[in-house]
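# Topology and contacts: notes
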Amino acid sequence: MELFTDIDEQVARLRGLLGGGAEGADDVVSVMRALDDKGLAEVMETAAKLSRSVDRIGVVGAGVVAERSTREAGHDGFAQKRGHRKATDFIQGVTGGSKGDAYQRIRVGTSILGGFLSASGRQSGAGDEESGGAASGEVQPDFGDQMGDDGSPDGSDASRAPTTPPSWHTPLDHALVRGGLSQAQYDAIFRGLGEPPAGPAAGTMSDGTPLDPAVGARIEGEFREAWRLAAEQLVDEAAHRSVEELRTAARTIRDRLDPDGADRRYFERYEARSYRMWVDADGRSHGSFVFDDEGAAFVRSVLDSALRPRLGGPRFVDAAEKEAAQRLVDDPRTFEQLSYDLLFDVIRSGTLADAKAVHGTKQAGVRLVRVVDSSGDTDGAAHTEDRLTRVPAPVADQHACDTGTVPVSATRAGDPLNVGREHRLFTPAQRIALAVRDGGCRWRGCDRPASYCEAHHIDHFAEGGRTDVDRGILLCRFHHMRLHTGGYRITRTDKRDFVLHDPGGETKDLPPRLALEYAFRGIDPPPKRFRPAA
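Because the structure is a prediction, the values reported are computed rather than measured.

The next thing to look at is helix α7 (residues 170–177). α7 sits mainly inside the fold: eight of its eight residues count as buried. All of the buried residues along α7 are Thr170, Pro171, Leu172, Asp173, His174, Ala175, Leu176 and Val177. Looking one or two residues beyond α7, the residue adopting positive phi is Gly179, at roughly 90°.

In structure tokens:
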């Protein structure tokens with residue numbers, strides 16, 4: 001089995017890297033500490049690959065444990081016979097992990113099993129005489145690459161149609177069991193995309209004609225195929241994207257494929273907004289917020305604008321701003337205490353607050369980005385500049401009416417057109433353009449939003465470089481300093497991706513955030529004529 005070949009190779013590599021002398025816990029500590037930086041990096045990468053290989057067994061096993069520990073099984077269930085109430089309790093006890101990790105393992109495992117059942121055409125709980133009469137509910141996914149010459153999952157005759165349609169998340173299932181995805185990456189994509197909309201069973205179409213059941217089935221099939229293609233694309237991106245970025249991109253794709261569902265989810269979160277206070281047994285008062293999307297974005301903006309220097313935000317040029325930022329960095333209060341005091345000051349002061357005294361030069365506010373094509377058409381929805389939260393069309397219209405708009409011309413790739421200036425620093429308008437294009441720090445793996453970033457000239461101004469948007473890139477303070485002090489440089493040819501050159505001569509592309517790629521690329525939802533009327 002290919003899985004065990006991978007495990008054997010990684011174990012052998014680890015043994016070679018550690019010199020075969022790390023037999024006990026004390027040996028591991030001493031050997032690891034003696035490694036140079038290159039050796040330590042190789043050991044960590046190999047250990048991660050080994051862990052992912054072994055984890056494939058544990059994740060699928062968690063799904064099987066859940067299948068055999070259902071409520072219907074009662075005391076004869078797998079987990080129950082071993083003294084546990086639920087499968088999650090058994091998994092948590094075996095792995096020593098958190099309950100959340102146990103839930104994630106089971107969620108991913110049962111999803112994989114369901115996907116393989118669909119691909120094999122077997123119903124859950126049904127035996128299969130052709131495969132030797134496997135026990136009810138048992139599924140044994142292939143851990144190797146067993147695709148037949150005709151592309152069928154097991155090399156069997158492709159003309160034998162499955163009794164159930166293939167699952168949309170089959171690309172995720174195969175990627176995980178073959179080592180292409182980690183458990184966390186799988187869960188981020190799976191939960192980010194969510195289940196595709198079900199086809200309407202009855203009603204009328206948007207043009208008033210009665211809905212044919214066959215059309216409803218076709219609609220559902222189109223959605224599932226769109227979700228499957230999205231899963232394939234995200235699997236391809238997983239090798240060089242963080243879990244958080246995959247989750248954000250999956251949600252962005254889902255919202256663009258299903259704009260009606262995106263609006264519904266937005267307003268459901270709005271209706272769920274709440275605040276409550278209570279007093280515990282010690283007389284301490286507590287408070288709990290459940291934010292809607294717009295409220296959360298505004299509160300983050302308030303905190304970011306006032307406390308950004310404490311969190312590694314951009315450096316200041318003005319001497320007074322530098323002094324104020326340093327005072328905040330040196331403040332003995334914890335970040336949580338500073339956040340509380342800030343919000344209380346805002347609440348207490350209300351409209352009488354001196355905004356500049358509270359927030360500094362950059363005022364709190366939520367900036368929205370709406371993509372409009374050259375003909376003026378748009379799907380109406382927008383997203384926040386920071387954190388890329390989707391906002392429905394009516395809410396975006398309300399903001400535009402209240403605060404106005406700043407037009408930014410851009411290519412289909414999201415690259416703003418040249419608005420160069422003969423100034424050393426990027427202007428506020430250019431900073432907006434950079435934020436629209438980059439969405440935050442472009443350094444690989446960094447999740448700092450645009451409001452925490454500084455604009456870097458890839459062509460030094462002192463050497464004749466122009467302060468043009470297409471020659472600038474957003475970097476957080478940490479990575480901006482690392483670029484200048486660590487011997488790195490960034491180049492760009494025409495409008496292509498930025499390229500990072502490290503001191504050793506290696507290069508890496510710095511693509512924009514995945515969610516922004518999909519936002520500017522444009523993903524068409526099913527045509528209106530294929531969607532039921534409201």
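Picking up where we left off.
Applying the stated criterion across every chain yields a total of one cavity of 30 Å³ or more. Its volume calculated, the largest cavity comes out at about 50 Å³. Along its surface, the largest cavity is lined by 11 residues, and Glu294, Val366, Leu368, Thr384 and Val391 are the ones closest to its centre. Of all the secondary-structure elements, those providing two or more residues to the lining of the largest cavity are α12 (293–307) and α16 (393–403). Sorting elements by how many residues they give to the lining of the largest cavity places α12 first, with three residues.

What follows is about the nonpolar core. Core analysis: the biggest nonpolar cluster contains 30 residues, and Ile112, Leu172, Leu176, Leu181, Tyr186, Leu193 and Leu234 have the highest contact counts within it. Those elements giving two or more residues to this core turn out to be α3 (37–67), α6 (99–120), α7, α8 (183–193), α9 (213–237) and α10 (243–257). The biggest single contributor to this core is α9, with seven residues. Apart from the residues lying within four places of it in its own chain, the contact partners of Leu176 are Arg56, Val59, Val108, Ile112, Leu181, Ser182, Gln183 and Tyr186. Formed by 22 residues, the second largest nonpolar core is a distinct cluster that contains Cys441, Ala450, Tyr488 and Phe498.

All told, the structure shown has 24 salt bridges when counted by the stated rule. Arg228 is the partner of Glu232 in a salt bridge, and the nearest nitrogen-oxygen pair spans 2.5 Å. Taken together, the residues span about one helical turn, with Glu232 and Arg228 both in helix α9 at a distance of four residues. Overall, Glu232 belongs to the partly exposed group, its relative accessible area being 32%. Between Arg327 and Glu323 there is a salt bridge, and its shortest N-O distance comes to 3.4 Å. Here Arg327 and its partner Glu323 are both found in helix α13 (residues 319–330), four residues apart, which amounts to about one turn of the helix. Bridged by salt links that share partners, the residues Arg254, Asp255, Asp258 and Arg265 form one connected network.

Reading the values: the criteria
- Residues numbered from 1 in each chain as written.
- Predicted model: local features only at pLDDT ≥ 70, side-chain atom pairs only at ≥ 80, totals over all residues.
- Heavy atoms only, no water.
- Buried < 20%, exposed > 50% of the residue type's maximum accessible area, 1.4 Å probe, protein only.
- Helix = DSSP H or I, 4+ residues; strand = E, 2+ residues; numbered from the N terminus.
- 1 Å grid on protein atoms, 1.4 Å probe; cavity = no way out; pocket = protein on both sides within 12 Å on 5 of 7 lines; lining within 4 Å.
- Points joined across faces, edges and corners; volume = space filled by probe spheres on them.
- Core = buried A, V, L, I, M, F, W, Y, C linked by side-chain atoms within 4.5 Å.
- Contact = heavy atoms within 4.5 Å.
- Salt bridge = Lys/Arg side-chain N within 4 Å of Asp/Glu carboxyl O.

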